[in-house]
Amino acid sequence: MRVLETIEELRTFRESLGAQSVGLVPTMGALHKGHLSLIGESTHHNAHTIVSIFVNPTQFGQNEDLSTYPRTLEQDLALCENLGVSAVFAPNVAQMYPSDDEITILPPKMMGYVLEGFDRPTHFAGVLQVVLKLFMLAQPHRAYFGKKDAQQVLIVRKMVEDLHLPLEIVVCPIVRDDDGLALSSRNVYLSPQERESALCIPRTIYAIESAIAKGVYEVSALEHLARENLTGVHIFYAYFCDRALAPITHIRQNESLFLLAVRVGRTRLLDNLWC
Ligand code: PAF
């Protein structure tokens, strides 16, 4: 496995692969089983997999956890090597952002500024900035994202469609710990007590899922169920919408989403159901 730290090294490596299929798994490191499942999907379907590991400063707000975000590069490299990754791209900030006055693209007006984008108004512009750079550099045939960050994947998919980028976005299932909590690099911030409180999140997801399976499609009833289950946490949003993030009154199967963001202690946690 190659470890590439500069843009030049990534370009040369990418050129050496020629027309062979390439999958890209963009990450901010601190890899967990959720990331590993994306990497597994990519290695299964592509001749080569490139994993990027870059804690992207432009997607963090001023009072967010950029400086404390977990960084576990040595461990991440070992995991990637075990999974048959061809190259890890782990640049520093100066490599990715040589100018402090860069051209950026804006997320869509509605999808980019509701929910996560409402509480974190610069977040998705930062995500798109780095993801577009990674796409241009790695030139993947496919890029792999988790359903866990639903709004992110929908906005990235829209960027690919709107800018006619020649790659496929592959959306992979949420991976959960044994206690049901969706895997996230930020789960390490939770104390044992906070983790216990956070378990109302998967309980809510399962409750909504089973109500829908029993034929409860009315959003007002499902919202009531969500609020009954979400106890002891601060709710940022518990929102039913379609895949363009517009609000809905009834679930339409395979077209709807339930998006949830809560704060437990000082940690913001996301979960969702593609229903
Ligand atoms: O989902 C993430 O880890 C990040 O937002 C991403 C896509 C790697 C961009 O920095």
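Higher on the page you've got the structure.
Along each chain, numbering runs from 1 in the same order as the chain's sequence is written. Local features in this predicted model are restricted to residues whose pLDDT is 70 or higher, and side-chain atom pairs enter the listing and the counts only when it is 80 or higher, whereas totals over whole chains, interfaces and linings include all residues. The side-chain quantities take in all heavy atoms of the structure and omit both hydrogens and water.

1. Here's the deal with the packing of aromatic side chains
Line of reasoning, step 1. Two aromatic rings from Phe, Tyr or Trp, using only the six-membered ring of Trp, form a pair when their centres are within 6.5 Å; if the ring planes differ by under 30 degrees the pair is stacked, by over 60 it is edge-to-face, and anything between is tilted. Within the structure shown, the criterion is met by 4 aromatic pairs.
Line of reasoning, step 2. Ring geometry for Phe-135 versus Phe-145: centroids 6.4 Å apart, planes at 85°, classification edge-to-face. Residue Phe-135 is found in helix α6 (residues 123-138), and its partner Phe-145 is found in strand β5 (residues 142-146); the two are separated by 10 residues along the sequence.
Line of reasoning, step 3. Overall, Phe-135 belongs to the buried group, its relative accessible area being 5%. Under the scheme used here, helices are H or I runs from DSSP no shorter than 4 residues and strands are E runs no shorter than 2 residues, and both carry numbers assigned from the N terminus. The buried label goes to any residue with under 20% of its type's maximum accessible area, the exposed label to any with over 50%, and the partly exposed label to all in between, with areas taken from a 1.4 Å probe on protein chains only.

2. Some details on the site of the ligand
Line of reasoning, step 1. What makes a residue near a molecule or strand is one non-hydrogen atom of that residue sitting within 4 Å of it. The environment of the ligand is formed by Pro-26, Thr-27, Met-28, Asn-56, Gln-59, Val-130, Phe-145 and Gln-152.
Line of reasoning, step 2. Split into classes, the residues belonging to the shell around the ligand amount to 4 nonpolar, 4 polar and no charged. Residue type decides the class: Asp, Glu, Lys and Arg count as charged, Ala, Val, Leu, Ile, Met, Phe, Trp, Tyr, Cys and Pro as nonpolar, and the leftover types, Gly among them, as polar.

3. A closer look at the sheet that holds strand β8 (residues 256-264)
Line of reasoning, step 1. Taken together, 3 strands build an open sheet; the order of strands is β7-β8-β9 and the sheet is antiparallel. At either margin of the open sheet sits one strand with a lone partner, and together these are β7 (234-242) and β9 (267-274). Taking each pair of neighbouring strands and ignoring which way they run, the sheet shows an average axis angle of 10°.
Line of reasoning, step 2. With 8 bridges joining them, β8 and β9 adopt antiparallel strand pairing. Following the sheet pairing, Ala-261 is matched in β9 by Leu-270.
Line of reasoning, step 3. Lying over the sheet, helix α7 (residues 150-162) contacts β7, β8 and β9, oriented at roughly 65° with respect to β9.
Line of reasoning, step 4. Whether two residues touch is decided by their heavy atoms; if any such pair falls within 4.5 Å, the residues are in contact. Orientation is described by lines fitted to C-alpha atoms, with helices fitted over the stretch in contact, and by angles between N-to-C directions that extend from 0 to 180 degrees. Each of β7, β8 and β9 is contacted by helix α9 (residues 200-213), which is oriented at about 15° to β9, the strand it contacts most. In this analysis, strands are considered paired if DSSP registers two or more bridges between them.

4. Some remarks on helix α10 (residues 219-229)
Line of reasoning, step 1. Where α10 is concerned, the buried positions are Val-219, Leu-222, Ala-226 and Asn-229. Down the axis of α10, the buried side of the element spans an arc of 90°, and every buried residue falls inside it.
Line of reasoning, step 2. Residues of α10 that are buried in the fold lie against α9, β7 and β8. What the arc describes is the spread of directions from the helix axis to the C-beta atoms.

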